Amino acid sequence: MKILFLFTLFYTLVVSANEINLIKKENNDSNTTLLVIGGIHGNEPGGYFSASILATHYKINSKNLWIVPNLNRDSIIKNKRGIHGDMNRKFSFVKKNDADKKIVEEIKKIILDPRVSLVLNLHDGHGFYRKQNKGRIFNPNAWGQTCVIDQCTLKTQQPFGNLDTIATTVKNNINKKLLQKHHSFDVKNTHTKYEDEAMKLSLTYFAVTHNKPAFAIETSKNLSTLSQKVFYQLLAIEEYMKIVGIDFQRDFTLNEKNITNIVKNYGTLRINNNILLNLSNIKKSLSYIPIKSKDNEFSFSHPLGAVKKHAGRYDIYIGNKKVTTLKPQYFKMAEDCPLKYEILIDKKTFFVNKASYFNVNDDFNIAQSNKYRVNIIGYAKKGIKDESGQVIRLKDLNKRYSVDRDKKSYRVEFYKEDKFCTMLMVQFR
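Model, not experiment: these values are computed from the prediction.

Engineer: I'd like a rundown of the overall build of the chain, residues and numbers included.
Structural biologist: Helices and strands together make up the secondary structure of the chain, namely 8 helices and 27 strands. Along the three orthogonal principal directions, the C-alpha set of the chain runs to about 80 × 45 × 45 Å. Across the 429 residues of the chain, 56% fall into the buried class. Once local pairs closer than 6 in sequence are excluded, the contacts in the chain between residues at least 24 apart make up 68%. Within the structure as shown, the chain displays about 19800 Å² of accessible surface, and the carbon and sulfur contribution to it stands at 46%. When the 69 basic and 41 acidic side-chain charges of the chain are each reduced to a single mean position, those positions are 4 Å apart.

Engineer: Explain the environment of arginine 130 residue by residue, including any values.
Structural biologist: Here arginine 130 is to be found in the loop between strand S7 (128-129) and strand S8 (138-139). In this structure, the C-alpha to C-alpha distance between arginine 130 and serine 301, residues 171 residues apart in sequence, is 40 Å. Beyond its immediate stretch of four places on either side in the chain, arginine 130 contacts Phe138, Asn139, Pro140, His182 and Ser184. In this structure the side chain of arginine 130 is engaged in a polar contact, spanning 3.0 Å, whose partner is the backbone oxygen of histidine 182.

Engineer: Kindly report on the state of the cysteines, identifying the contributing residues and their values.
Structural biologist: The full count for this structure, using the stated rule, is 1 disulfide. Residue cysteine 147 stays outside any disulfide, its sulfur separated by 14 Å from that of cysteine 152, the closest cysteine.

Engineer: Tell me about the nonpolar core, and please be specific about residues and values.
Structural biologist: Ranked by internal contacts, the top residues of the largest apolar core, which has 99 residues, are Leu120, Tyr240, Met241 and Leu279. The greatest single-element share of this core, amounting to 11 residues, is contributed by helix H7 (residues 226-244). Beyond its immediate chain neighbours, meaning those up to four positions away, leucine 279 contacts Tyr266, Gly267, Thr268, Leu269, Phe300, Ile316, Ile318 and Val323. Ile345, Val360, Phe364 and Ile392 belong to the second-largest nonpolar core, a separate cluster that totals 23 residues.

Engineer: Tell me about the confidence of the model for the chain, and please be specific about residues and values.
Structural biologist: It should be kept in mind that the predicted coordinates are not to be read in detail where pLDDT is low. Here the chain averages 94 in pLDDT, and 96% of its residues register 70 or above. Segment residues 1-8 is flagged for pLDDT under 50; beyond a separation of four residues in sequence, or across chains, it makes 26 contacts in the model. Taken together, the stretch residues 12-18 has pLDDT below 50 and engages in 19 contacts with residues farther than four places along the chain or on a different chain.

Engineer: Residue-level account of the sheet that holds strand S21 (residues 348-353), with values.
Structural biologist: Strand pairing in a sheet takes place through backbone hydrogen bonds and is either antiparallel or parallel in direction. Sheet architecture is open: 4 strands sit in the order S21-S20-S23-S25, paired in antiparallel fashion. Only two strands of the sheet have a single partner each, and these edge strands are S21 and strand S25 (392-393). Here strand S23 (residues 363-366) pairs with S25 via 2 bridges, running antiparallel. Residue pairing in the sheet places aspartate 363 in a bridge with arginine 393 of S25.

Engineer: Please set out the packing of H7 against helix H8 (residues 256-264) residue by residue, giving values where relevant.
Structural biologist: In contact at an axis separation of 9 Å, H7 and H8 are set at 110 degrees when each is read in the N-to-C sense. By the angle class used here, H7 and H8 are roughly perpendicular. Two secondary-structure elements touch here, H7 through Leu226, Ser227, Gln228, Val230, Phe231 and Leu234 and H8 through Glu256, Ile259, Thr260 and Val263. Per-class residue counts for the contact of H7 with H8 are 6 nonpolar, 3 polar and 1 charged.

Engineer: Summarise the packing of helix H4 (residues 163-174) against H7; cite the residues concerned and give the values.
Structural biologist: For the pair H4 and H7, interaxial distance at closest approach is 9 Å and the crossing angle is 130 degrees. The angle between the axes of H4 and H7 places the two elements in the oblique class. Taken as a pair, H4 and H7 cross one another with a handedness that is right-handed. Taking contact as the criterion, the partners of Ile166, Ala167, Val170, Asn173 and Ile174 in H4 are, on H7, Tyr232, Leu235, Ala236, Glu239, Tyr240 and Ile243.

Engineer: If you had to explain the pairing of strand S11 (residues 214-220) to someone new, which residues and values would you point to?
Structural biologist: Among the 7 residues in S11, 7 count as buried, and that is most of the element. On S11, burial covers both faces: Ala214, Ala216, Glu218 and Ser220 on one face and Phe215, Ile217 and Thr219 on the other are all buried. In the sheet, strand S6 (residues 116-125) pairs with S11 via 7 bridges, with the strands oriented parallel. Each bridged residue has a counterpart across the sheet, and for leucine 122 the counterpart in S11 is isoleucine 217.

Engineer: Let's hear about the side chain of histidine 123: which residues, and what values?
Structural biologist: The residue histidine 123 is located in strand S6 in this model. Within polar-contact distance, the side chain of histidine 123 engages the side chain of histidine 41 at 3.4 Å. Aside from chain neighbours lying at most four places away, what touches histidine 123 is Ile40, His41, Glu44, Asn88, Ala216, Ile217, Glu218, Thr219 and Gln233.

What counts and what doesn't
- Residues numbered from 1 in each chain as written.
- Predicted model: local features only at pLDDT ≥ 70, side-chain atom pairs only at ≥ 80, totals over all residues.
- Heavy atoms only, no water.
- Helix = DSSP H or I, 4+ residues; strand = E, 2+ residues; numbered from the N terminus.
- Buried < 20%, exposed > 50% of the residue type's maximum accessible area, 1.4 Å probe, protein only.
- Contact = heavy atoms within 4.5 Å.
- Areas by Shrake-Rupley, 256 points an atom, 1.4 Å probe, with all protein chains shown as cover.
- Lys, Arg positive; Asp, Glu negative; His and termini not counted.
- Charge placed at Lys NZ, Arg CZ, Asp CG, Glu CD.
- Polar contact = N/O pair within 3.5 Å; in protein donor to acceptor, adjacent residues only side chain to side chain.
- Disulfide = S-S within 2.5 Å.
- Core = buried A, V, L, I, M, F, W, Y, C linked by side-chain atoms within 4.5 Å.
- pLDDT = per-residue confidence, 0-100.
- Pairing = 2+ DSSP bridges.
- Axes fitted to C-alpha atoms, helices over the stretch in contact; angles between N-to-C directions.
- Parallel < 35°, antiparallel > 145°, perpendicular 65-115°, else oblique.
- Nonpolar A, V, L, I, M, F, W, Y, C, P; charged D, E, K, R; others polar.
- Left-handed = near helix turned anticlockwise from the far one by under 90°.

Put into C-alpha cells, the structure is as follows:
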C-alpha cells in the first residue's frame, strides 16, 4: 500500500494572518543560528519558494537554521507586494492600527533573539544590477542578482560583522555556477545611513542597527523562470550557510530541472484529520467536500499552503498559486469511526488507514460492515444506498467525479448514519 505524502511534516494553517510560521532545524550543541525570511513581498516568489524548499528538502547537521517561508501570507495569496502597504518599510515605525503591526513586531523579536547570528531577507528585484549604466535592464538602479548590504561593517566586534567581505565572498562563489553569463551577481551597498531614506525603514537595517548581521538576496524578476530564481536563491543561501558553519545535506541535485519538478509538487492537504488530498494533480474545483460548518483544521505538507474562504467556498493556495477550490457540504463528524478499513484490492485483502490513498490495478471492493455505510463518488447503481460489497472497476466510475486531472483518482466516503467518518482515495494505476 502506498500513501502519497510528499514531506514528513505537516504545517497546520493558522487562520489568523498575524501568526508567523517559524520552522526550526536545530542541533542542541550550538547557539549559532541562521535566520532566513521569505515572502516579505508577496509578488516575489523566488524568495518564498526557495525558503519552502529549504524547509522541506534540506537536513541540517550542525548549527541551527530558522526559516520563515511566508512572512506576508495574505500578500502572497494576492500576489501583491503588500496589500497593507510595503511591509519592508515598517521596521522603524509602524502605526498602532496598521494591519501588519503584529507580524512586524513578531519578526523583530525573532531577529533580536540572542541565538540569531545572521539574517537573510529573500527578494526578487527588477533588472540586473550593474555598477555602470548599460541600458534599461542593466544599470545601477536595478536590484536583481545582488547581495545587498546596508553598510560595510558593524561597529561592534562580532563573528559575522564584516558585511562587505561576506557578501563579496558569496557573490564570487555564485558567479562560478551561473546558468547564463548575464546572470552574474554583485554586491549592492545601499549606504543606508547616509544615502537611502527608504532603506532606513527596512528589515535588514533594523537588524544591523541592533548589531545583527543582515543581508538581502535579490534574484532578478527578469529571469525567465521561477526555477531560475529559486536556483540562485538556494545557491546564495548555501554560501551563507557555509560562512555561518552550517553543515547541510539536500535530497536533490541543485539544478534547474530538479527545482522545476520540486516547485510543481504541491504536496498534500489534510482536512480535520479525516480527508487527505494530493494537491499536485488536483482538479481546479471539487464539489460537495464533507467538512464541518466551522472550526475546520487544514494541515498542509507544504510550508506555503494556505486557505482562503470566499463566497462560501475554500480556495486552496500554495504560495501565490491557487491550486483548487473546494465547495463544501456541511456534516457533523461521527465519533468512534474505524481507524482502518477492510478492502479487497485486486483480489487481495488489505486494511487501509483512514484519510489515505490506495492503489488499484483492476478492481476493489469495500468490505461490508454495520459500523458504516459507503458512498463511492462517481459510482451509481439503482436501489443501492450503501456501496460496500460492490466490485468497482475504473470503467464503472463517471469521470466527471474524478479528483485528479488524469481521471484516475476517486473519493470513497464512509458515514455513520448521517455523520461523516472519513474519505479514502482510490487511485487506479
